[in-house]
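Examination of the molecular architecture
Next come the chains, spelled out residue by residue.
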Amino acid sequence: MVFPAFDSAALRRAADALRAGQVLAFPTDTVYGIGADVLSTAGIARIYALKGRATEKAIPILISDFEQLDRVAAEVPPSAARLIQAFWPGALTVVLPRHARVPGEIAPGKDSIGIRMPAHPIVRKLIGLAGGPIACSSANLSGMPAAESAAAVAEQFPTGLALILDGGPSNSGVPSTVVDFTEPEAPRILRDGAISRDALHAVLGSNLV
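Rules used in this analysis
Residues numbered from 1 in each chain as written. Predicted model: local features only at pLDDT ≥ 70, side-chain atom pairs only at ≥ 80, totals over all residues. Heavy atoms only, no water. Core = buried A, V, L, I, M, F, W, Y, C linked by side-chain atoms within 4.5 Å. Buried < 20%, exposed > 50% of the residue type's maximum accessible area, 1.4 Å probe, protein only. Helix = DSSP H or I, 4+ residues; strand = E, 2+ residues; numbered from the N terminus. Contact = heavy atoms within 4.5 Å. Arc of directions from axis to C-beta. Salt bridge = Lys/Arg side-chain N within 4 Å of Asp/Glu carboxyl O. Axes fitted to C-alpha atoms, helices over the stretch in contact; angles between N-to-C directions. Parallel < 35°, antiparallel > 145°, perpendicular 65-115°, else oblique. Left-handed = near helix turned anticlockwise from the far one by under 90°. Nonpolar A, V, L, I, M, F, W, Y, C, P; charged D, E, K, R; others polar. 1 Å grid on protein atoms, 1.4 Å probe; cavity = no way out; pocket = protein on both sides within 12 Å on 5 of 7 lines; lining within 4 Å. Points joined across faces, edges and corners; volume = space filled by probe spheres on them. Pairing = 2+ DSSP bridges.

**Section: the nonpolar core**
- Membership of the largest hydrophobic core comes to 45 residues, with the highest contact counts inside it found for Trp88, Leu92, Ile106, Ile115, Val153, Leu161 and Leu200.
- Looking at this core, the elements with two or more residues in it are strand S3 (33-37), helix H2 (41-51), helix H3 (66-72), helix H4 (78-87), strand S5 (92-97), strand S6 (112-116), helix H6 (150-156) and helix H7 (197-204).
- For Leu92, the residues in contact, after removing those within four places along its chain, are Leu83, Ile84, Phe87, Ile115, Arg116, Ser176, Thr177, Val179, Ile195 and Leu200.
- Ala5, Leu62, Ala130 and Leu165 belong to the second largest nonpolar core, which has 19 residues in total.

**Quick look at H4**
- Every buried residue of H4 is listed here: Ser79, Ala80, Leu83, Ile84 and Phe87. Buried residues of H4, viewed axially, fall in a sector of 135°; they line one side. Across H4 from its buried face, at more than 90 degrees, point the exposed residues Pro78 and Gln85.
- Among the structural elements, H3, S5, strand S9 (177-180) and H7 are those in contact with the buried residues of H4.

**Considerations on the pattern of salt bridges**
- Per the counting criterion, the structure on display carries 5 salt bridges.
- Across the pair Asp180 and Arg188 runs a salt bridge, and its minimum N-O distance is 3.1 Å.
- Of the residues examined, Arg188 reaches a relative accessible area of 41% and is grouped as partly exposed.
- Close ionic contact of Arg197 with Asp192 constitutes a salt bridge, the shortest N to O distance being 2.7 Å.

**Points about helix H5 (residues 121-130)**
- The set of residues buried in H5 consists of Ile122, Val123, Leu126, Ile127 and Ala130. Buried residues in H5, looked at end-on, bunch into an arc of 135°, giving them a common side.
- Directly after H5, the chain includes Gly131, whose backbone phi takes a positive value near 90°.

**A word on the environment of Thr55**
- Mapped onto the elements, Thr55 comes out in the loop between H2 and strand S4 (61-62).
- Spatially, the C-alpha atoms of Thr55 and Asp7 are 34 Å apart, while their sequence positions differ by 48 residues.
- Excluding its chain neighbours within four sequence positions, the residues that come into contact with Thr55 are Tyr48 and Pro108.

**Description of the packing of helix H1 (residues 8-19) against H5**
- Contact geometry of H1 with H5 gives a least axis separation of 8 Å together with a crossing angle of 55°. By the criterion of interaxial angle, the relationship of H1 to H5 is oblique. Classified by chirality, the crossing of H5 by H1 is right-handed. From H1, Leu11, Arg12, Ala14, Ala15, Leu18 and Arg19 reach across to H5, where they touch Ile122, Lys125, Leu126, Leu129 and Ala130.
- Its residues assigned to classes, the contact of H1 with H5 shows 8 nonpolar, no polar and 3 charged.

**Some remarks on the layout of surface pockets**
- Each pocket or cavity is described by its volume, and for the largest pocket that value is around 850 Å³.
- What lines the largest pocket is a set of 32 residues, among which Arg53, Ala58, Pro60, Val178 and Arg191 lie closest to the centre.
- Elements with a contribution of two residues or more to the lining of the largest pocket: S5, S6, strand S7 (134-138) and strand S10 (188-191).
- No other element matches S6, which puts 4 residues into the lining of the largest pocket.
- Taken together, the residues that form the lining of the largest pocket break down as 12 nonpolar, 13 polar and 7 charged.

**Some details on the packing of H4 against H7**
- H7 packs onto H4 with a crossing angle of 125° between their chain directions and a minimal axis gap of 10 Å. Between H4 and H7, the angle falls in the class oblique. Like other packed secondary-structure pairs, H4 and H7 cross with a definite hand, here right-handed. Of H7, the residues touching H4 (which contributes Ser79, Arg82, Leu83, Ala86 and Phe87) are Ala199, Leu200, Val203 and Leu204.

**Here we look at the pairing of S5**
- For S5, a buried count of 5 out of 6 residues is recorded, marking the element as mostly surrounded by other parts of the structure.
- Sheet analysis places S5 next to S9, joined by 4 bridges and oriented parallel. Residue Leu92 lies in a different strand from S9, and its bridge partner there is Thr177.
- With 4 bridges joining them, S5 and S6 adopt antiparallel strand pairing. Each bridged residue has a counterpart across the sheet, and for Val95 the counterpart in S6 is Gly114.

Listed below in structure tokens is the structure:
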């Protein structure tokens, strides 16, 4: 069930699992995540079920390159583009209007979705091998601390995952900073995280609240 994340065969196996609609765990540049193909409604439902996550909480999307952004976001306002250029790849999640091709099950009742390009080479390579973005939430049961190692993932999810990619302990253990751009002229910080408010304000100035 647990495979070394830097092993090419393990990565191909993980990519195959994603394409088959399965859910797996992997390291990111913040904490470990569990994810599924963003177009798999069964995989998305499985993430909610495994975590015991409330359906009013959307599941963010991870992408591996800038080309994939247009596949999951309906539009990217200039203010969001400035922040993206400054902090991607990295620990910044931007909330943007959701593209029509992305299943509504990923964000029930919402027209927007959080999107991030992680800095971790393994997850970006995995996304590339799988052929598309991943719906990804932190690897923890709802209300529990996010897993910072493969062993911690296995402890919280002894069953239900197709596999776990072990990339060693998390580099930071700090979640991404989340900024909402659904009102482009008045972006809002929804969650403080690895990128400080001062760093965000240095790019966007006083318009950021």
